[in-house]
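Working through the structure, step by step
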Amino acid sequence: MSAEPASTDHNAAAITAIAARITRPVVLVGLMGVGKSTVGRKIARMLARDFVDADDAIAEAAHLSIPEIFAQFGEPYFRDGERRVIARLIEEGHGIIATGGGAFIDPSTRSLILEKGIAVWIDCDVDTLVERTARRNTRPLLQGGDPHEILTRLAAERAPFYRQAPIRVVSENGPHADTARAIIKAIDQWL
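What comes next concerns the included structure. (Residues numbered from 1 in each chain as written. Predicted model: local features only at pLDDT ≥ 70, side-chain atom pairs only at ≥ 80, totals over all residues. Heavy atoms only, no water.)

**Some remarks on the pattern of salt bridges**
Tallying each qualifying case throughout the model produces ten salt bridges. Across the salt bridge formed by Glu82 and Arg79, the nearest N and O atoms sit 3.0 Å from each other. Here Arg79 and Glu82 lie together in helix α5 (residues 75–91), a separation of three residues that amounts to about one turn. Each member of the pair, Glu82 as well as Arg79, is classed as buried. Between Arg83 and Asp106 there is a salt bridge; the shortest N-O distance is 2.9 Å. In this pair, Arg83 is assigned in helix α5 and Asp106 in the loop between β4 (96–98) and α6 (107–116), connecting sequence segments 23 residues apart. A relative accessible area of 22% means that Arg83 is categorised as partly exposed. (Salt bridge = Lys/Arg side-chain N within 4 Å of Asp/Glu carboxyl O. Helix = DSSP H or I, 4+ residues; strand = E, 2+ residues; numbered from the N terminus. Buried < 20%, exposed > 50% of the residue type's maximum accessible area, 1.4 Å probe, protein only.)

Structure follows, in structure tokens:
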């Protein structure tokens, strides 16, 4: 299912009806910078659900920032903790969960999300990702080189995994509310 972000005719009553049909957490996946957290908060408000950012939950559980976890323990350690935290967040029944860019690449995490959540791949062109990720220097995977080159490589490597999400929405350089509405519309069509 693919949807382009655009204004929809989904009014509040229609969105409430869609929300009533959603019985599993909506789990947002995609590369860093696609807007999973920002869009996720908007979706949560529109659907009257709670929102949780998995990276924030990981940092809280570890009492370390994501860059500190990467620096002190490495990516495999981080991915193991990420899988456990996402499993807990899904089990707790959160409404909207934003995951880190690499979460859906892990086979166990991906299987869990596909089985117990509604996976939504937020896709975006690399130039927009470079612009968005340049706003903060807290992205461990972008610290060692040219962000455009790294994001292009990550996009190519991760696309086969992201494509396994049953819903795909393209995020463009426009209002995040447009992407949020496009996701709600895509979920409605998928349900």
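**Some details on the packing of α5 against α6**
The contact between α5 and α6 brings their axes to 10 Å, and the two run at 10 degrees. Taken as axis vectors, α5 and α6 run roughly parallel relative to one another. Contacts from Arg83, Ile86, Ala87, Ile90 and Glu91 in α5 reach Ser108, Thr109, Leu112, Ile113 and Lys116 in α6. Residues belonging to the contact of α5 with α6 are distributed by class as follows: five nonpolar, two polar and three charged. (Axes fitted to C-alpha atoms, helices over the stretch in contact; angles between N-to-C directions. Parallel < 35°, antiparallel > 145°, perpendicular 65-115°, else oblique. Contact = heavy atoms within 4.5 Å. Nonpolar A, V, L, I, M, F, W, Y, C, P; charged D, E, K, R; others polar.)

**Describing the packing of aromatic side chains**
Following the criterion strictly, the structure yields three aromatic pairs and no others. Ring geometry for Phe70 and Phe78: centres 4.9 Å apart, planes at 40 degrees, overall tilted. Classification of Phe70 as buried rests on a relative accessible area of 16%. Its guanidinium or amino end placed over the ring of Trp121, Arg168 lies 5.3 Å from that ring's centre, counting from NZ or CZ. (Phe/Tyr/Trp six-rings, centres within 6.5 Å; stacked < 30°, edge-to-face > 60°. Lys NZ or Arg CZ within 6 Å of the ring centre and 35° of its normal.)

**Some thoughts on the packing of helix α7 (residues 126–133) against helix α8 (residues 147–162)**
Where α7 meets α8, the axes come as close as 9 Å, and the angle between the chain directions of the two elements is 125 degrees. Here α7 is positioned oblique relative to α8, judged by the angle of their axes. The interaxial crossing formed by α7 with α8 has right-handed handedness. Judged by residue contacts, Val126, Asp127, Leu129, Val130 and Thr133 of α7 engage Pro147, His148, Leu151, Thr152 and Ala155 from α8. In terms of residue class, the contact of α7 with α8 is built from six nonpolar, three polar and one charged. (Left-handed = near helix turned anticlockwise from the far one by under 90°.)

Function cannot be inferred from these measures alone, as they are strictly geometric.
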